Amino acid sequence: MLTRHFPLVIVLVIVALALLLPWLMPWTYDQIDWDAVRAPAFSGSHIFGTDEIGRDRLARLAAGTRITLMVAIAAALVSLIVGIAWGATAGWVGGRVDEVMMRIVDGLYALPFMFIVILLMVVFGRSILLVFVGIGLVEWLTMARVVRGQVMALKQRPFILAAEAAGTPPITILWKHILPNIAGVALAYLMLTVPQVVMVESFLSFLGLGVQEPLTSLGILVKEGADDMDMTPLGLLLPGAVLVVLLVCLTVEGERLRDRFS
Amino acid sequence: MSLYEIRDLAVDIAGNRLVDKVSLAVDAGQCTAIIGASGSGKSLTCLTPFGLTPGVASGLIRLDGIDLASADVGQLSDARRKLAGFVFQQPLTALTPHLTVGAQLQEATMQAGSARPTRAELVRQLERVGLSRPDERLDQFPHRLSGGERQRVMIAAAIAHGPRLLIADEPTSALDASLRAEIMTLLDQLRAEQGLAMLLVSHDLASVEGHADQLVVMDKGRVVESGPAADIIANPAEEYTRRLIAATPRLDEPAPELSQPGDILLGTRDVAVEFQRPGWRRGRISAVVDASITVRQGESLALVGGSGSGKSTLGRAIAGIGPVTQGKILWQASALPQRRNRTLEMRRSIQPVFQDPVASLDPQWTVIDIVTEPLRNLRPDLDRAECNDSARQALSDVDLPEEFLTRMPASLSGGQAQRVAIARAMIASPQLLVLDEATSALDPLVGAEILALLARLQRENGLSLLFITHDIAAARRLCHRIAVMDDGCIVETGDIQAVIDHPRHPATQRLVAAS
Amino acid sequence: MFGLITRRLLTAIPTLLVIILASFFLMRLAPGGPFDGERPLDPATQAALQQAYGLDRPLWDQAWLYVSRLVQGDFGPSLVYRDFTVSELIAQGLPISLMLGGLAIVMALAIGVTAGLFAAVRAGKAADKVIMMLATVATALPTFVTGPALALLFGLWLGLLPVSGTGDGVAWLIMPVVALALPVSGAIAKLTRAGLASVLKQDHIRTARARGLSETKILFKHGLRPALVPVASYLGPAAAGLLTGAVVVETVFGLPGLGRYFVQGALNRDYPLVLGVVTLYAALIILFNLFADLIYGWLDPRMREG
């Protein structure tokens, strides 16, 4: 377990730290230590030092990671629900309905989606709720395609026909035969959606269009670090490293899961 | 000395010995056939010596005086390039999709070092394998050709460089029954013309009979019996060969004893099934046109036809799991409504069994849940304990021990899975089973067992069977009457023996000739 | 083939129109506009400004006006960069963005396909595992992290490459293009590797091997084209990804490309600018998807009938 799922272990450690550190640390993420502006690493109670206005880097890192992961999980769940509902309906009903529903997905795929999300942010203001609704609504497309393909394939399988002959009502067939058989693949794609969302959220926040101050996220921290990198590279390298490690580990585990189920 | 000779061949993959002590020989102009069930090592035996499997071959392998067992990779590929030609099972996938027929044929012609062939030469090669409009075909991509046409291209490419040995690995198994005879005849003819030695591999004894000079019967990686084909078939020395021959349905075997049918149970009156064309194109595709059949109590009706003839679609319409566009399905003279409008009682009366036994069972369910599924819906009056008792009984009826109730489908063999599927169909005491190619995906021995099981169930329960198949000989073991379908229409019906003796419609004649 | 192109082009026009109109109305729905500054303007000035920019007309009129001008290549005036029309800003920014994106996709294809091919040939060996691990890491490298990190390393610490702005020669292009291309090349390497792994198991490869062809010939003549089908279908999303990535790269490296105008426009509610850029992006992506379809048809003739 420990060696086979090393990436998963790293993700769990990062999550645990992001959740626990704020309880254990003397500093909060928005608290300013007037005596230690731009403190270097390992000075006093600031393990990674403080930023240009004296906020503890580690506390900010933990808070940013927490927000990023929260947005990611919420948005991935939105994509899971919308994707399964859309894909399963299209695949199950089939025919023209499927044709129309999948054309819509194709059309949306072809859109410059990040720009539409940005447009939404601009129009409806920059709220964290909108960030994850917006992202979730983008990321469901792949899930819908995958689920639809699975349902289409399952529908042709004789055991579904046998269930129909056995008098099993359609809704029960959907619940007891179809959904359990697509659960594995859906889980794998859910896992792959999380790093996607992390990427999108950080991107938006980096541009100043995502999570807003005083809240912070990995994207904001990278942006702050990049602006200040000629003074203290740590500000860029710390959140950048956490972000990349998270993305790599989540992708590796997600792909492993996907390969197992397909 | 034989052109191609193998003595004491062993094949290992990742340390497992999958083929052992196999010896065979092929002479120029002769055909040696290897017969065996899936997993018997027959394909490994013929492909591994040429380096076409991940296995490692050892023993004595000699082709035209060259020792292949000690050959390095370069010499092996030299032997393939110059001396051997190969035809594989899947004509759909065995040709490169992005190269035209002409490009692939040209590559094959030049493989032994010949000069670039002219277009006329390529056309001649396609003519030789009996492909119509050869000039046009040269510029087509493989996906535009039908399965039979592609197999002809495969054969043309396999002999284009003038090999001495032709290896054909299940060359007709993926083709429609009526095409199989044509392809086999073509191979015979080319063998005679070119003096080719041919090594043929098949799971189906009937398909090589009359084509093979020598026969090698394999089981579990070893040779069971080998010798002249006619001798073995007439006088098998080994128990396994005897069982295999007995399991292979033949048209000239003695007629089975069948019970006397009763009153008419099911009838269809001018049933038609149409499907919407896929996508946005207008129009509909007719899968079944005005089909009328009857099945009596205790009677088995064979519904026979090639792929795409509409036989499965009609079967599904009768079983209430497929649409009906027009016409009536009558059950004891009262009309059966479509699909979900049928009452529980009606649904109980007709149950289907499908071709692919593994795909017929939900991989996430245990056998007991699978078998009791019809009871839970169709017999709401039964409680859980009664359902479980019925499941035990149903399993024992299909000769499976009770321990199978807790198994998962993935742990079952093909034959066991098909027995579970039959138990599920039988548990609600139906009067008619719709068997859609129920034995076609199984190995011959297992298929024969399932046929025998169905015959027993029919006898004991006075069951009626609708036996959908492409195989007339198999149908003859079980059925009283036959209905032949072609292109969506019922083209011929009657007593099965009478139809086999005097087939009137060309489609029937093709099917009988192919058996 | 020709029919497919015409059909795609014909569906592209309504798609584009829908995107334009949807974005247009969305922008107009937004509360507040570009003239809502810190200090409210007096009503007279406000009205004058509104009229000057056509903001006082009915919405449908504005939409119609916008689209009909668009057809003539007139994207309207920029509300924030008051001395420029949107068309001028686009004319200035587009070449830079296209150059960045074009170079990045060429580089990603070259690196990705080569690496994937190499890994597939060495399947299961150490080289395969190392390449695939690097590809996974590369895929997970967001441009907004690699961009600043590259600038820090090669610009500030090593002093090898310029950190900001365009300059003479091509040195200024190196870091932005690398930052853009890295994740895409990782994804292409993975797709190529997976595609080849599945194609090399197929029957037609065994047929080719049975002909005694050399492994190289089998790989390049019979294996590579079908193996690249997943890569071709990834090109559309990749192009969209590169355009979004370009937004970051242009911001990070201070390049006056389209992306920077887009972000500035979005932050300042410069409707015509944002609309113009979105329209252009949509058109580019649709065009690129068409291009990907053509490649698709070349790779696999079965797709030509679509």
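As the structure is a computational prediction, the values presented were derived from the model and not from experiment.

> Break down the overall build of chain A for me, citing the residues and quoting the values.
Counting its regular elements, chain A contains nine helices and zero strands. The principal-axis extent of the C-alpha atoms belonging to chain A is close to 75 × 45 × 25 Å. Burial status across chain A gives 54% buried among its 262 residues. Long-range contacts, defined as pairs at least 24 residues apart, comprise 71% of the intrachain contacts of chain A with a sequence gap of at least 6.

> Which residues make up empty space enclosed by the protein, and what are the values?
This model, assessed by the stated rule, comprises five cavities of 30 Å³ or more. What the largest cavity holds in volume is close to 150 Å³. The wall of the largest cavity is formed by 14 residues, among which Asp 51, Arg 57, Leu 221, Glu 224 and Gly 235 of chain A lie closest to the centre. Taken together, the elements giving at least two residues each to the lining of the largest cavity come down to α2 (57-93), α8 (218-227) and α9 (234-261) of chain A. The biggest single contributor to the lining of the largest cavity is α9 of chain A, with four residues. In this structure, the second largest cavity occupies an estimated 80 Å³ of space. Contributing elements (two or more residues each) for the lining of the second largest cavity: β6 (84-87) and α6 (147-159) of chain B together with α8 (203-210) of chain C.

> Explain the environment of Asp 443 of chain B to me, using residue names and the numbers behind them.
All names here are of chain B. Relative to the assigned elements, Asp 443 resides in the loop between β18 (432-436) and α16 (444-461). Taking C-alpha positions, Asp 443 is 15 Å from Arg 242, a pair spaced 201 residues apart along the chain. Excluding residues within four positions of it along the chain, Asp 443 makes contact with Ala 37 and Ser 38. Among the polar contacts made by the side chain of Asp 443, one reaches the side chain of Ser 38 at a distance of 2.9 Å.

> Break down the side chain of His 204 of chain C for me, with residues and values.
In this structure, His 204 of chain C sits in helix α8. Owing to a relative accessible area of 2%, His 204 of chain C belongs among the buried residues under this scheme.

> Can you lay out the sheet that holds strand β10 (residues 222-228) of chain B for me, pointing to particular residues and giving the numbers?
Residues and elements named next belong to chain B. Taken together, six strands build an open sheet; the order of strands is β6-β7-β8-β3-β9-β10 and the sheet is mixed. What marks the edges here is a single partner per strand, and that holds for β6 and β10. Direction aside, the axes of adjacent strands within the sheet are offset by 15 degrees on average.

> Can you tell me about the interface of chain C and chain A, naming the residues and giving the values?
Taken together, the contact between chain C and chain A spans 38 residues of the former and 34 residues of the latter. At the boundary of chain C with chain A, the tally comes to one salt bridge. Of the charged contacts, one joins Glu 255 of chain A and Lys 190 of chain C as a salt bridge, the two residues approaching to 2.6 Å between their closest N and O atoms. The tally of links between chain C and chain A comes to one residue pair in polar contact (both at pLDDT 80 or more). Elements with a minimum of two residues in the side of chain C that touches chain A: α1 (2-29), α5 (126-139), α6 (143-157), α10 (229-252), α11 (258-268) and α12 (271-299) of chain C. Sort the elements by how many residues they give to the side of chain C that touches chain A and α6 of chain C lands first, with eight residues.

> I'd like a rundown of the UniProt feature "transmembrane region" (unreviewed entry) in chain C, residues and numbers included.
Residue and element names in this part refer to chain C. The UniProt feature table records "transmembrane region" (unreviewed entry) at residues 9-30, 96-121, 133-158, 170-191, 227-253 and 273-299. Annotated as residues 133-158, this span is 85% helix and 0% strand, and its ends, taken at the C-alpha atoms, are 27 Å apart. Between the C-alpha atoms that bound residues 227-253 there is a distance of 36 Å. The span itself is 93% helix and 0% strand.

> Tell me what's going on with the packing of α8 of chain C against helix α9 (residues 215-227) of chain C, and back it up with residues and numbers.
Residues and elements named next belong to chain C. In the contact formed by α8 and α9, the axes pass within 10 Å of each other and the chain directions differ by 155 degrees. Put simply, α8 runs roughly antiparallel to α9. Like other packed secondary-structure pairs, α8 and α9 cross with a definite hand, here right-handed. Residue-level contacts link His 204, Ile 205, Ala 208 and Arg 209 of α8 to Glu 215, Ile 218, His 222, Gly 223 and Pro 226 of α9.

> Lay out the pattern of salt bridges with the relevant residues and their values.
All names here are of chain B. Within this structure, the stated rule accounts for 45 salt bridges over all chains. Across the salt bridge formed by Lys 21 and Asp 20, the nearest N and O atoms sit 3.9 Å from each other. Through salt bridges with shared partners, a single ionic network connects Asp 12, Arg 17, Asp 20, Lys 21 and Arg 222.

> Break down the UniProt feature "transmembrane region" (unreviewed entry) in chain A for me, citing the residues and quoting the values.
Here the UniProt-annotated "transmembrane region" (unreviewed entry) positions come out as residues 6-24, 67-88, 108-138, 186-211 and 231-252 of chain A. With 100% helix and 0% strand, residues 6-24 of chain A has end C-alpha atoms that lie 26 Å from one another.

> Would you mind going over α6 of chain C in detail, with residue names and values included?
Taking 1.5 Å per residue, 15 residues should reach 21 Å; α6 of chain C reaches 20 Å between its end C-alpha atoms and fits that length. Thr 143, Phe 144, Val 145, Thr 146, Gly 147, Pro 148, Leu 150, Ala 151, Leu 152 and Gly 155 of chain C are the residues of α6 of chain C that are buried. Those residues of α6 of chain C hidden inside the fold are in contact with α7 (170-206), α8 and α9 of chain A together with α7 (171-199) and α10 of chain C. Just downstream of α6 of chain C lies Gly 159 of chain C, where phi reads positive at about 65 degrees.

> Quick one: what's the story with the packing of aromatic side chains, residue by residue and with numbers?
All chains considered together, the criterion is met by 10 aromatic pairs over all chains. Where Trp 86 of chain A meets Trp 140 of chain A, the ring centres are 5.2 Å apart and the plane angle is 55 degrees; that geometry is what we call tilted. A residue pair is termed long-range when its members are at least 10 positions apart, and Trp 86 of chain A in helix α2 and Trp 140 of chain A in helix α5 (residues 128-156) qualify at 54 residues. Note that Arg 407 of chain B overlies the ring of Phe 404 of chain B, its terminal NZ or CZ placed 4.4 Å from the centroid.

> Kindly report on the interface of chain C and chain B, identifying the contributing residues and their values.
Every contact between the two is made by 19 residues of chain C and, on the other side, 24 residues of chain B. For the pair chain C and chain B, the two sides together bury roughly 2100 Å², of which 54% comes from carbon and sulfur. Considering only the surface of chain C that becomes buried against chain B, Arg 206, Ala 210 and Arg 211 of chain C emerge as the three largest contributors, covering 31% of it. Linking chain C to chain B there are two salt bridges. Taking the shortest distance from any N to any O, the salt bridge between Lys 221 of chain C and Glu 107 of chain B comes out at 2.7 Å. One can count 11 residue pairs in polar contact (both at pLDDT 80 or more) joining chain C with chain B. Listed by contribution, the elements that provide at least two residues to the side of chain C that touches chain B are α8 and α9 of chain C. Residues belonging to the side of chain C that touches chain B are distributed by class as follows: five nonpolar, four polar and 10 charged.

> Requested: an account of the sheet that holds strand β17 (residues 350-353) of chain B, with residues and values cited.
To summarise the sheet geometry, strands pair through backbone hydrogen bonds and adopt either a parallel or an antiparallel arrangement. Residue and element names in this part refer to chain B. Strand order across the open sheet formed by six strands is β17-β18-β19-β14-β20-β21, with mixed pairing between neighbours. The open sheet is flanked by β17 and β21 (489-495), the only strands paired with a single partner. Each neighbouring strand pair of the sheet contributes to a mean axis angle of 15 degrees, computed without reference to strand direction. The pairing of strand β14 (residues 300-304) with strand β19 (residues 464-469) spans five bridges and is parallel. Bridged to Leu 301 within β19 is Leu 466.

> So what's going on with a nonpolar patch on the surface? Residues and values would help.
Taken together, the side chains of Leu 237 of chain A together with Leu 153, Leu 156, Trp 157, Leu 158 and Leu 160 of chain C define a hydrophobic patch exposed on the protein surface, amounting to about 590 Å² of accessible area. The biggest single contributor to the nonpolar patch is α6 of chain C, with three residues. Along the chain, Leu 237 of chain A falls in helix α9.

> Account for the confidence of the model for chain A, with residues named and values stated.
Across chain A, the average pLDDT comes to 84, with 96% of residues at or above 70. For chain A, per-element mean pLDDT is lowest for helix α4 (residues 113-124) of chain A, which scores 71, and highest for helix α6 (residues 158-165) of chain A, which scores 93.

Cut-off values and rules
Residues numbered from 1 in each chain as written. Chains lettered and ligands numbered in written order. Predicted model: local features only at pLDDT ≥ 70, side-chain atom pairs only at ≥ 80, totals over all residues. Heavy atoms only, no water. Helix = DSSP H or I, 4+ residues; strand = E, 2+ residues; numbered from the N terminus. Buried < 20%, exposed > 50% of the residue type's maximum accessible area, 1.4 Å probe, protein only. Contact = heavy atoms within 4.5 Å. 1 Å grid on protein atoms, 1.4 Å probe; cavity = no way out; pocket = protein on both sides within 12 Å on 5 of 7 lines; lining within 4 Å. Points joined across faces, edges and corners; volume = space filled by probe spheres on them. Polar contact = N/O pair within 3.5 Å; in protein donor to acceptor, adjacent residues only side chain to side chain. Pairing = 2+ DSSP bridges. Axes fitted to C-alpha atoms, helices over the stretch in contact; angles between N-to-C directions. Salt bridge = Lys/Arg side-chain N within 4 Å of Asp/Glu carboxyl O. UniProt positions renumbered as here; feature names shortened; annotations may be inferred. Parallel < 35°, antiparallel > 145°, perpendicular 65-115°, else oblique. Left-handed = near helix turned anticlockwise from the far one by under 90°. Expected span 1.5 Å × (residues − 1). Phe/Tyr/Trp six-rings, centres within 6.5 Å; stacked < 30°, edge-to-face > 60°. Lys NZ or Arg CZ within 6 Å of the ring centre and 35° of its normal. Buried area = accessible area lost by both parts, 1.4 Å probe. Nonpolar A, V, L, I, M, F, W, Y, C, P; charged D, E, K, R; others polar. Patch = residues over 30% accessible without salt bridge, like charges linked within 9 Å, V, L, I, M, F, W, Y side chains within 5 Å. Areas by Shrake-Rupley, 256 points an atom, 1.4 Å probe, with all protein chains shown as cover. pLDDT = per-residue confidence, 0-100.

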